[in-house]
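# Secondary and tertiary structure notes
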Amino acid sequence: MAGLSNSEAASLRLVRQARGGASAGEVKTLLNRAWEHCKSSRKVLTAVTGSLVDIGEDDAAYAILQDAIVHQGEPEALYQIIGELALRMQIASVAEKAFSRAFDFNPGEPSHIVNLAESLKLGDKPDAAINLLQSSLPHFPNHAGMWNSLAQLTLHHLADRENALIFQQEAIKHAPKSAAFLHNMALMHFAQPAAQPYYEKALKLAPKNAQIHVSYALYLMGRGDLEDAWRHYEYRLDPELGYTKAASYTHDLPAWRGNNLAGKSILLCAEQGIGDEVMFGVFIQKIIDEAEKVYIGCDPRLVPLYNRSFPAATAVAFEDSRNYRYRRRSFPDVEKAFTASAPRIDYAAPLASLPRYLANDIATYRGYKGGFAKADPARLKEFARHIGAGERLKIAISWRSGNLSQERQRYYLDASAVANLARMVDADFYILQYSYTEEEAAALKDIANIHFFDDVDLKKDIEANIALLQLMDVSVGPPTATQMFAMAAGCPVALVNKGLPWTMFGSTQMEATFAPGSHYFDFTDEAELLPKLA
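Keep in mind that this is a model prediction, so the values were computed, not measured. (Residues numbered from 1 in each chain as written. Predicted model: local features only at pLDDT ≥ 70, side-chain atom pairs only at ≥ 80, totals over all residues. Heavy atoms only, no water.)

Moving on, we come to the nonpolar core. Ile266 and Tyr306 are the most contacted members of the largest nonpolar core, which has 151 residues in total. Sort the elements by how many residues they give to this core and helix α13 (residues 210-223) lands first, with eight residues. (Core = buried A, V, L, I, M, F, W, Y, C linked by side-chain atoms within 4.5 Å. Buried < 20%, exposed > 50% of the residue type's maximum accessible area, 1.4 Å probe, protein only. Helix = DSSP H or I, 4+ residues; strand = E, 2+ residues; numbered from the N terminus.)

Take the sheet that holds strand β4 (residues 314-317) next. Reading across from one edge, β4-β3-β2-β7 is the order of the four strands in this open sheet, with parallel pairing throughout. The sheet is open, and its two borders are formed by β4 and β7 (347-350), each paired with just one other strand. The sheet shows a mean angle of 25° between the axes of neighbouring strands, taken without regard to direction. Looking at chain direction, strand β2 (residues 265-269) and β7 are connected through four bridges and run parallel. Paired with Leu268 across the strands is Ala349, a residue of β7. (Pairing = 2+ DSSP bridges. Axes fitted to C-alpha atoms, helices over the stretch in contact; angles between N-to-C directions.)

Here the focus is the packing of aromatic side chains. Under the counting rule described, the total for this entry stands at 21 aromatic pairs. Geometrically, the ring pair formed by Tyr365 and Phe505 is tilted, given 4.4 Å between the ring centres and 40° between the ring planes. Here Tyr365, found in helix α20 (residues 362-365), pairs with Phe505, found in the loop between β12 (493-497) and β13 (519-522); they are 140 residues apart in sequence, far enough to count as distant. In this pair, the class of Tyr365 matches that of Phe505, namely buried. Note on Trp502 and Phe505: the rings are 6.0 Å apart at their centroids and 85° apart in plane angle, and the pair reads as edge-to-face. (Phe/Tyr/Trp six-rings, centres within 6.5 Å; stacked < 30°, edge-to-face > 60°.)

Below, the discussion takes up the environment of Pro254. For Pro254, the location among the structural elements is in the loop between β1 (247-249) and β2. Here Pro254 is in contact with Asp346, Tyr347 and Ala348, once residues within four sequence places are set aside. (Contact = heavy atoms within 4.5 Å.)

Right, let's talk about the sheet that holds β1 for a bit. Taken together, the three strands give an open sheet; going across it, the order is β1-β6-β5, and neighbouring strands pair in mixed fashion. If you trace the sheet from one side to the other, it starts and ends with β1 and β5 (319-323), each paired once. Going across the sheet, the axis of each strand differs from the next one's by a mean of 35°, ignoring polarity. Strand direction decides the pairing type here: β5 and strand β6 (residues 326-330), joined by five bridges, are antiparallel. Within β6, the residue paired with Arg322 across the bridge is Arg327.

The next point concerns the pattern of salt bridges. Tallied over the entire structure, the rule returns 21 salt bridges. For Lys39, the salt bridge goes to Glu36, with nearest N and O atoms at 3.4 Å. In this structure, Asp67 engages Lys39 in a salt bridge whose closest nitrogen and oxygen atoms are separated by 2.9 Å. Note that Asp67 is positioned in helix α4 (residues 58-72) and Lys39 in the loop between α2 (24-37) and α3 (42-54), a separation of 28 residues in sequence. By the burial criterion, Asp67 is buried, and Lys39 matches it. (Salt bridge = Lys/Arg side-chain N within 4 Å of Asp/Glu carboxyl O.)

Now for unusual backbone geometry. Not every positive phi belongs to a glycine, and Asp124 is a case in point at roughly 60°. Mapped onto the elements of the fold, Asp124 is located in the loop between α7 (110-122) and α8 (126-136). Even without being glycine, Gln272 reaches a positive phi, approximately 60°. Tracing the backbone through its elements, the reader meets Gln272 in the loop between β2 and α15 (274-279).

Moving on to the pairing of β12. Most of β12 is tucked away, with five of its five residues classed as buried. Of the two faces of β12, the one carrying Val493, Leu495 and Asn497 and the one carrying Ala494 and Val496 are both buried. Remark: the strand β11 (residues 474-477)/helix α26 (residues 481-489)/β12 crossover connection has right-handed handedness. Bridging between β12 and β13 involves four bridges; their strand directions are parallel. By the bridge assignment, Ala494 is partnered in β13 with His519. (Right-handed = clockwise from strand over helix to strand, strands pointing away.)

By themselves, these are just geometric observations and shouldn't be taken as functional.
See the structure below:
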């Protein structure tokens, strides 16, 4: 390797070997050997620690960073590396200290200011981050990264979209070929037509960027342009999106692309979160009707529910493993039967790829019915006894997803809104929020018509969710997994969101995919929303 010492070259070969498909145990061993072989090289430090973070070995990466300070001293570049790794590991305090030290070494380097602002934002110090950027921009008025960071903070922390758009435009003016900045501008326009040219420009600059393709697909779904949306949505399967977002399947079956399924067998492959699995489950019966044999590869929590709900198919659980930073998904109960003498399955299809061939327009999509999930009769009886009989309206309610990022919080209700709604409506409210904080529980516990299921793990027990929802008159909440369970259970939904969610596919009409009687409620503030819901 030109320009490298022999020890650097040897260490970097070990890193490449680790990244090239070694087993999970071997990867860490190879990376530690690479570091021990050449502790003086910042290139080796960056490659080794970055690879450790990729495979989730944050503690090991942090230990090597500390070791690097001993062997490499405290130069500016080292603190830059430490800060960048700390940001990736979501360790705000370490990132803030590292970028502060880098800034002390070289206060004239604007990237240190941007990185320090990102550290402050990560550490829940958005006001400090905004003040830092505002005080620095007069000295670096042409720095696109500063404008971009200020725009994101202004939008997500201050909820000031008007100024955020101005700041983002400044970022684009100074870096017109930045696909990332154009993508951020598109996201700021949400589902509005103004977003379209920014998506198109970003994809022209970065035609293989999977994240931009997926964002554009969701935008197109929100606009109801399903044919183009499904094409871009195929990029969600790109393993480069990372372990938490995409899976690579271990089977080597031919992909189903709308082929005639008469006399054929097919494996439907689970992907994304369990809410997505259930949402796209409306297409399973169509495949069962057309194919000779269907295997439904799904989350283990769904296996008994799907075997009961789709008796003509066979539900099998997936298993996930890690290969470097990629997630490998297998379906052992099906794949172990692949032998030279056994008939192989004809096709496989990721579940969210089905609508590309079955529902290219909103009218067709809405023809697929919810209410396909059949609850366990024993669980139905159990919860019916728990809830009791009575004429009062029974309302299932949730208010947010488990993802509490600042960007997503602004779309959701909060526990205080739920409390206020319960005080306004003569009905019984049953909490189906699968995770909540002590503060959220405290805001609701003392209200007489709000009921918790403290002895039920709603995140793990999907059968409980389906049974409870089949006993409810309506389910109220944002477009999270709980509302997808309600749709599957045939429970009417009052879908509450700030802005039309992409899961509505461009229509405010919730039937027929959702149960009859379902409604969508847009809201800008609680005072407007609650009377409508009540």
